[in-house]
Amino acid sequence: DVKVTQSSRYLVKRTGEKVFLECVQDMDHENMFWYRQDPGLGLRLIYFSYDVKMKEKGDIPEGYSVSREKKERFSLILESASTNQTSMYLCASTPWGTGNYEQYFGPGTRLTVT
Amino acid sequence: DAKTTQPTSMDCAEGRAANLPCNHSTISGNEYVYWYRQIHSQGPQYIIHGLKNNETNEMASLIITEDRKSSTLILPHATLRDTAVYYCIVRGSARQLTFGSGTQLTVLP
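All values derive from a computational prediction rather than experimental measurement. (Residues numbered from 1 in each chain as written. Chains lettered and ligands numbered in written order. Predicted model: local features only at pLDDT ≥ 70, side-chain atom pairs only at ≥ 80, totals over all residues. Heavy atoms only, no water.)

Caption draft 1: Quick look at the overall build of chain B. Within chain B one finds 0 helices and 9 strands. When the helices and strands of chain B are read in sequence order from the N terminus, they spell out β-β-β-β-β-β-β-β-β. Rg of the C-alpha trace for chain B: 13 Å, near the compact-globule value of 13 Å for 109 residues, within the 12% margin. Seen through its principal axes, chain B has C-alpha atoms that stretch 40 × 30 × 25 Å. When each of the 109 residues of chain B is scored for burial, the buried share is 46%. In chain B, of all internal contacts separated by at least 6 residues, the share reaching a separation of at least 24 is 56%. (Helix = DSSP H or I, 4+ residues; strand = E, 2+ residues; numbered from the N terminus. Rg over C-alpha atoms; globule rule 2.2 N^0.38 Å. Buried < 20%, exposed > 50% of the residue type's maximum accessible area, 1.4 Å probe, protein only. Contact = heavy atoms within 4.5 Å.)

Caption draft 2: The arrangement of the interface of chain B and chain A in detail. At the junction of the two partners, chain B supplies 19 residues and chain A supplies 21 residues. Of the roughly 1700 Å² buried where chain B meets chain A, counting both sides, 55% is carbon and sulfur surface. Between the two partners, chain B and chain A, sit 4 residue pairs in polar contact (both at pLDDT 80 or more). Sorting the residues of the side of chain B that touches chain A by element identifies strand 3 (32–38), strand 4 (45–50) and strand 8 (84–91) of chain B as the ones contributing at least two each. No other element matches the 4 residues that strand 3 of chain B contributes to the side of chain B that touches chain A. Class assignment of the residues belonging to the side of chain B that touches chain A gives a composition of 9 nonpolar, 8 polar and 2 charged. (Buried area = accessible area lost by both parts, 1.4 Å probe. Polar contact = N/O pair within 3.5 Å; in protein donor to acceptor, adjacent residues only side chain to side chain. Nonpolar A, V, L, I, M, F, W, Y, C, P; charged D, E, K, R; others polar.)

Caption draft 3: Seen up close, the sheet that holds strand 7 (residues 70–75) of chain B. The strand order across the open sheet formed by 4 strands is 2-7-6-5 (chain B), and the pairing between neighbours is antiparallel. The outermost strands of the open sheet, each flanked by one partner alone, are strand 2 (18–23) and strand 5 (55–56) of chain B. (Pairing = 2+ DSSP bridges.)

Caption draft 4: Geometry of the pairing of strand 2 of chain B. Residue and element names in this part refer to chain B. Residues Ala-18, Leu-20 and Cys-22 of strand 2 are buried on one face, while the alternating residues Asn-19, Pro-21 and Asn-23, pointing to the opposite face, are not. As paired elements, strand 2 and strand 7 share 6 bridges and run antiparallel to each other. When the bridges of strand 7 are listed, Asn-23 appears paired with Ser-70.

Caption draft 5: Layout of the sheet that holds strand 7 (residues 65–70) of chain A. Residues and elements named next belong to chain A. Across the sheet, 4 strands lie side by side as 1-3-8-7; this open sheet has antiparallel pairing. Two strands close off the open sheet at either side, each with one partner strand: strand 1 (4–6) and strand 7. Sheet twist, expressed as the mean angle between neighbouring strand axes with direction ignored, is 20°. The sheet contact formed by strand 1 and strand 3 (residues 19–25) spans 3 bridges and is antiparallel. Directly across from Val-4, in strand 3, lies its bridge partner Gln-25. (Axes fitted to C-alpha atoms, helices over the stretch in contact; angles between N-to-C directions.)

Caption draft 6: The arrangement of the state of the cysteines in detail. Residue and element names in this part refer to chain A. Scanning the model with the defined rule gives 2 disulfides over all chains in all. Between the sulfur atoms of Cys-23 and its disulfide mate Cys-91 the distance is 1.8 Å. Measuring the twist about the S-S bond at about -75°, one finds the Cys-23-Cys-91 disulfide to be left-handed. Of the two residues, Cys-23 sits in strand 3 while Cys-91 sits in strand 9 (residues 87–94), which places them 68 residues apart along the sequence. Judged by its relative accessible area of 0%, Cys-23 is buried. Look at Cys-91 and you get buried, because its relative accessible area is 0%. (Disulfide = S-S within 2.5 Å.)

Caption draft 7: Representation of the environment of Gly-50 of chain B. Relative to the assigned elements, Gly-50 of chain B resides in strand 4. Once residues within four sequence positions are removed from consideration, Gly-50 of chain B is found in contact with Tyr-32, Val-33, Glu-55, Leu-62 and Ile-64 of chain B.

Caption draft 8: How the structure looks around the side chain of Thr-109 of chain A. All names here are of chain A. Following the sequence through the fold, Thr-109 ends up in strand 11 (residues 109–113). Thr-109 sits in the buried class, given a relative accessible area of 1%. Engagement of the side chain of Thr-109 in a polar contact is seen with the side chain of Gln-6, the distance being 3.4 Å. At 2.5 Å, the side chain of Thr-109 forms a polar contact with the backbone oxygen of Ser-8. Sequence-distant contacts of Thr-109, that is, excluding residues within four places in its chain, are made with Gln-6, Ser-8, Arg-9, Leu-11, Leu-21, Ser-87, Met-88 and Tyr-89.

Below is the structure:
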């Protein structure tokens, strides 16, 4: 089974702190994604990466950065956390392909910024 | 990628078939239809996908109309554990998936 793991299920941080959310996948997938999910707004794509050291902005990249130094690991960084970044953060991975493009999701990290 | 339209919510009796519709009238020839679901407090889970033909797997069946402008996800014998938000997504060559609001399916005992 493909496994996508995220470093924490629940996280509480203070405003202004630097926050790292880690995601690891064990299936050698090229593509990795970070989403946030808020009530009434659905899943919104923050950043994605299609290769090591490559990254692309999604729909809402402001206030976030990412790092992909190894193929299996994709990190989301909140340089200076703010209360409006309180959300559920979901990581996903998928192999590259135009047909069977099943995205595998991690369990999510519920981040609260106080 | 084409946009999709789904009902906001649906109910289904336990043990009956759940039929979830999706409209994607602007779909183009190389775009696939994907279905995912998200059970409360969990990450989304892939269910099934298709291009033109109907598809079936151990979880569900996907019926795509001949003109490909709409599709229906069928859960043949819904259980309480199928209560979730179901997302219909159309994807062509883009690397990312665009999730809409989905349909909240509630399976009633």
